[in-house]
Amino acid sequence: MREVWRMWNYSTMVVLTVLTAGLFAAILIPFKGIPLIPGVTELRPANVIPVVLGLLFGPAGAWGAALGNLLGDFFGTLGIASFFGFWGNFVAAYLTYKIWGNVSLERFSQHWWRFFGCVLLGSVACAQVIGYGLEVLHLLPFSVIAVAILANNFITPCILGPLLLRLLYPRVSRWDLQWQELMDPADQSSGPFPRLGKCLVWLGGIGGYLVGLGTSLGLAASWGVNISVAEGVTPFMVMLIVGCFFL
């Protein structure tokens, strides 16, 4: 996770962060008038941006997604939930590029399955972070917000993501704007336990989402397990956070 902090020492990475944030917000804002859950979330075709620019710009794409989502919230959905929206969108882009790894995007057609896996993990992690926050704050049930976020974050990127990558990657590569080319190798090294980190983020992301959904829908209670959503999801949230630092 070193690159997440070290990127601020590179002026081009900072510019790419601002570019990502501005583009994300510019696409988000016009769709604020098509709410899925009024005051909380809306139809978001812009969610393809964190995925694509996360793969291309790495940590700049992750910070840009977080800041762009916060900027978009100023146009109708700003509130305490925006804190969780900031980190949820950060994690969505962060996990996408970390799980993709060092595989060249030139070989995308050979690794399409990896792309859909990255998008799925980023989507459930984002849904879990935001759903957990809103559940703890008693603003919305986990089952309501998490399902809406998963649909928003998974469907559009899976449809538009490959098309945008095919369009943008050759140009970004030609202009030497991929994050691996911009940052010193010492500033983008893996965390202390990358393999363990991958196991933890998958278990924490998928497991936390399913436990949160099942608990929120009352399935746990029907099986005789009387726990709240927060109690059920918290261990998986810890796994997810620790895993992110290990990657």
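First, a word on what this report is: a plain description of the structure on this page. (Residues numbered from 1 in each chain as written. Predicted model: local features only at pLDDT ≥ 70, side-chain atom pairs only at ≥ 80, totals over all residues. Heavy atoms only, no water.)

Each helix and strand counted, the protein has 11 helices and two strands in total. Across the protein, helices and strands are ordered from the amino to the carboxyl terminus as α-α-β-β-α-α-α-α-α-α-α-α-α. With respect to the three principal axes, the spread of C-alpha positions in the protein is 55 × 40 × 35 Å. Counting over 247 residues, the protein shows a buried share of 51%. (Helix = DSSP H or I, 4+ residues; strand = E, 2+ residues; numbered from the N terminus. Buried < 20%, exposed > 50% of the residue type's maximum accessible area, 1.4 Å probe, protein only.)

Let us now look at the pattern of salt bridges. A full pass over the atoms with the stated rule returns two salt bridges. A salt bridge links Glu3 to Lys98, with the shortest nitrogen-to-oxygen separation between them at 3.5 Å. You can see Glu3 sitting in helix H1 (residues 2-6) and its partner Lys98 sitting in helix H5 (residues 81-100), a full 95 residues away along the chain. Comparing Glu3 with Lys98 shows no difference in burial state: the two are buried. Note that Asp187 and Arg6 form a salt bridge whose closest N and O atoms lie 2.5 Å from each other. Note that Asp187 is positioned in the loop between helix H8 (179-182) and helix H9 (194-216) and Arg6 in helix H1, a separation of 181 residues in sequence. What makes Asp187 buried here is its relative accessible area of 12%. (Salt bridge = Lys/Arg side-chain N within 4 Å of Asp/Glu carboxyl O.)

With that settled, consider the nonpolar core. By size, the foremost hydrophobic cluster in this structure holds 67 residues, and its most contacted members are Leu56, Phe90, Tyr94 and Leu95. Looking at this core, the elements with two or more residues in it are helix H2 (11-28), helix H3 (48-57), helix H4 (59-73), H5, helix H6 (112-136), helix H7 (142-174), H9 and helix H11 (229-246). (Core = buried A, V, L, I, M, F, W, Y, C linked by side-chain atoms within 4.5 Å.)

Further remarks concern unusual backbone geometry. Trans peptide bonds make up most of the peptide bonds, and negative phi angles are found at most residues other than glycine. Non-glycine residue His138 carries a positive phi angle of around 60°. By secondary structure assignment, the location of His138 is in the loop between H6 and H7. On the accessibility criterion, His138 (71% relative accessible area) is exposed. Its identity as a non-glycine residue notwithstanding, Asp176 has a phi of 55°, on the positive side. Here Asp176 lies in the loop between H7 and H8. On the accessibility criterion, Asp176 (46% relative accessible area) is partly exposed.

Turning our attention to the side chain of Asp187. Among the polar contacts made by the side chain of Asp187, one reaches the side chain of Tyr10 at a distance of 2.5 Å. If near-sequence neighbours (up to four positions away) are discounted, Asp187 is found in contact with Arg2, Glu3, Arg6 and Tyr10. (Polar contact = N/O pair within 3.5 Å; in protein donor to acceptor, adjacent residues only side chain to side chain. Contact = heavy atoms within 4.5 Å.)

All right, on to the state of the cysteines then. Evaluated as defined, the whole model comprises zero disulfides. Here Cys126 is not cross-linked by a disulfide; its sulfur's nearest cysteine counterpart is in Cys244, at 12 Å. Judged by relative accessible area, Cys126 falls into the buried class, the value being 1%. Between Cys199, a cysteine without a disulfide, and Cys244, which holds the nearest cysteine sulfur, the sulfur-to-sulfur distance is 14 Å. (Disulfide = S-S within 2.5 Å.)

Three- or four-residue spacings in an α-helix give side chains the same orientation, since the helix completes a turn every 3.6 residues. Where H7 bends most, the angle comes to about 40°, and this point is Cys158, followed within four residues by the proline Pro162. Once H7 ends, the next one or two residues include Asp176, with phi positive near 55°. (Bend = angle between axes of the 7 residues up to and from the residue.)

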